[in-house]
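Report on the structure
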Amino acid sequence: MTLAQALPTAVVLAAGLLHAAWNTLAKAARDRDAGLTLISVTKTVLCLPLLPLFALPAPASLPYLLASSAVHAVYMAQLSRAYRLGDFGQVYPVARGVAPIGVAAVAVALLGERLGPVQLAGLLAVCGGLAVLSLGGLPGRGVGGPAVRAALATGATIAAYTLIDAVGVRRSGSAFGYTAWMAALEGVLVALLMPRLRKRPLTDLLRPDRTRSAVGGLVAALSYGAVLWAQTRSPTSEVAALRETGIIWAAVIGAVFFHEPLGRRRICAGAVVVFGVVLLGAAH
């Protein structure tokens, strides 16, 4: 594998770590609705000065850009609800774990992507390991409870925006321009949506945890920008699966920062995910 072939894999793996990091900041916030609202608004503030620096997305990508921004806003609201209902080590794996399977199925069925035998084995290994991490749960947490249902709904929005962006960024002609505009629009839509859903004024949602949320917004923008760049160079299903290795980091973070149990089953499942990642990388 050449450096040019390995680079998208390395970038997406780094994006998985960054994604787990900003979710940690969101979960640690005393007011999760406010924290996630601030993260989205921070992304908008950070991206606005960058808009003139990047090429405008091509007109063909604009419907996807608008749809993605709307789905991202719903995702942030749903993620906030899931984190209020469940533990980090339960919600994050469930939400992230269901997305690659849906993305792969739709990418093959509708986007014309094809997986070779090694790629398919890698994808199945990643998804199998993620399923154990997702459905293994935590002691005293049923898999059919409200937290898991909220996490599954969050996962559905993840799969939706991943597929929308897979098409949109390729039609945009500018991965960085598409990312900047999407992030800028997302914060505006979240600022409109969250006060209505939570019955709270926007000023109340923008007050607490400003420093932590600002850092989270920066990390979130970097994470998703890296993913969109990789989607212009690798199949959508592979990028989606590789990104979800952030679940391994989330399991460690949950154990270290939130004192959640990290048992043998979760460690073995993480090893299976890593094996799948190796197969996906070797398939390029």
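Just so it is clear, the structure is predicted and the values come from calculations on it, not from any experiment.

1. Re the overall build of the chain
- Secondary structure assignment for the chain yields 13 helices and 0 strands.
- Each helix (α) and strand (β) of the chain, taken in turn from the N terminus, gives the series α-α-α-α-α-α-α-α-α-α-α-α-α.
- Over its C-alpha trace the chain gives a radius of gyration of 18 Å, about what one expects of a compact globule, namely 19 Å for 284 residues.
- Counting only C-alpha atoms and orienting by the principal axes, one finds that the chain spans roughly 50 × 50 × 30 Å.
- Sequence separation of 24 or more characterises 90% of the internal contacts of the chain that already satisfy a separation of 6 or more.
- Working note: accessible area of the chain is about 11,900 Å², and carbon and sulfur atoms make up 71% of it.

2. Focus: the nonpolar core
- Core analysis: the biggest nonpolar cluster contains 62 residues, and Trp-22, Leu-36, Ile-39, Tyr-75, Met-76 and Tyr-92 have the highest contact counts within it.
- When neighbours within four sequence positions are excluded, Leu-36 is seen to be in contact with Trp-22, Ala-26, Met-76, Leu-79 and Ser-80.
- Leu-51, Ala-180, Ala-183 and Ala-184 belong to the second-largest nonpolar core, a separate cluster that totals 5 residues.

3. A look at the pattern of salt bridges
- Tallied over the full model, the rule gives 5 salt bridges.
- Across the salt bridge formed by Asp-31 and Arg-200, the nearest N and O atoms sit 2.6 Å from each other. Highlighted residues: Asp-31 in the loop between α1 (3-28) and α2 (32-47) and Arg-200 in the loop between α8 (175-198) and α9 (202-205), separated in sequence by 169 residues. For the residue pair Asp-31 and Arg-200, the accessibility class agrees, reading buried in each case.
- The salt bridge partner of Arg-84 is Asp-33, with a shortest N-O separation of 3.4 Å. A residue pair is termed long-range when its members are at least 10 positions apart, and Arg-84 in helix α3 (residues 62-85) and Asp-33 in helix α2 qualify at 51 residues.
- A residue is classified by how much of its surface remains accessible, and Asp-33, at 6% relative accessible area, is buried.
- Taken together, the salt bridges that share partners define one network made up of Asp-31, Arg-200 and Asp-204.

4. Notes on the packing of helix α7 (residues 146-172) against helix α10 (residues 210-231)
- Two elements in contact, α7 and α10, have axes whose closest approach is 9 Å; the angle formed by their N-to-C orientations is 60°. If you check the angle between α7 and α10, you find them oblique. As for the relative orientation of α7 and α10, their crossing is right-handed in sense. Note on element contacts: α10 touches α7 through Tyr-224, Leu-228 and Gln-231, opposite Tyr-161, Thr-162, Asp-165, Ala-166, Val-169 and Arg-170.
- Of the residues that constitute the contact of α7 with α10, the class distribution is 5 nonpolar, 2 polar and 2 charged.

5. Digging into helix α4 (residues 88-97)
- Along α4, 10 of the 10 residues are buried, which leaves the element largely enclosed by surrounding structure.
- Taken as a whole, α4 has its buried residues at Phe-88, Gly-89, Gln-90, Val-91, Tyr-92, Pro-93, Val-94, Ala-95, Arg-96 and Gly-97.

6. Looking at the side chain of Thr-162
- Assignment of secondary structure puts Thr-162 in helix α7.
- When near neighbours in sequence (up to four residues on either side) are disregarded, Thr-162 contacts Val-103, Tyr-224, Gln-231, Thr-236 and Ala-240.

7. Observations regarding the confidence of the model for the chain
- Per-residue confidence for the chain averages 82 on the pLDDT scale, and 91% of its residues sit at or above 70.
- Taken together, the stretch residues 138-143 has pLDDT below 50 and engages in 12 contacts with residues farther than four places along the chain or on a different chain.

8. Considerations on the packing of aromatic side chains
- Under the counting rule described, the total for this entry stands at 5 aromatic pairs.
- Ring centres 5.4 Å apart and planes at 90° place the aromatic pair Tyr-161 and Tyr-224 in the edge-to-face group. Here Tyr-224 lies in helix α10 and Tyr-161 lies in helix α7, a separation of 63 residues in the sequence.
- Judged by relative accessible area, which is 1%, Tyr-161 ranks as buried.
- Aromatic rings pair up to connect Tyr-75, Tyr-161 and Tyr-224 into one cluster.

9. A short note on a nonpolar patch on the surface
- A cluster of nonpolar residues, Val-252, Val-256, Phe-257, Leu-262 and Ile-267, forms a patch on the protein surface that exposes about 470 Å² of accessible area.
- Among the elements that take part in the nonpolar patch, helix α12 (residues 246-257) stands out by supplying 3 residues, more than any other.
- Relative to the assigned elements, Val-252 resides in helix α12.

10. As for α7
- Between its first and last C-alpha, α7 extends 38 Å over 27 residues, near the 39 Å set by a 1.5 Å rise per residue.
- Of all 27 residues making up α7, 19 are buried, and the element is well covered by its neighbours.
- Just beyond α7, the residue with positive phi is Gly-173, at close to 75°.

Each value, and the rule that gives it
Residues numbered from 1 in each chain as written. Predicted model: local features only at pLDDT ≥ 70, side-chain atom pairs only at ≥ 80, totals over all residues. Heavy atoms only, no water. Helix = DSSP H or I, 4+ residues; strand = E, 2+ residues; numbered from the N terminus. Rg over C-alpha atoms; globule rule 2.2 N^0.38 Å. Contact = heavy atoms within 4.5 Å. Areas by Shrake-Rupley, 256 points an atom, 1.4 Å probe, with all protein chains shown as cover. Core = buried A, V, L, I, M, F, W, Y, C linked by side-chain atoms within 4.5 Å. Buried < 20%, exposed > 50% of the residue type's maximum accessible area, 1.4 Å probe, protein only. Salt bridge = Lys/Arg side-chain N within 4 Å of Asp/Glu carboxyl O. Axes fitted to C-alpha atoms, helices over the stretch in contact; angles between N-to-C directions. Parallel < 35°, antiparallel > 145°, perpendicular 65-115°, else oblique. Left-handed = near helix turned anticlockwise from the far one by under 90°. Nonpolar A, V, L, I, M, F, W, Y, C, P; charged D, E, K, R; others polar. pLDDT = per-residue confidence, 0-100. Phe/Tyr/Trp six-rings, centres within 6.5 Å; stacked < 30°, edge-to-face > 60°. Patch = residues over 30% accessible without salt bridge, like charges linked within 9 Å, V, L, I, M, F, W, Y side chains within 5 Å. Expected span 1.5 Å × (residues − 1).

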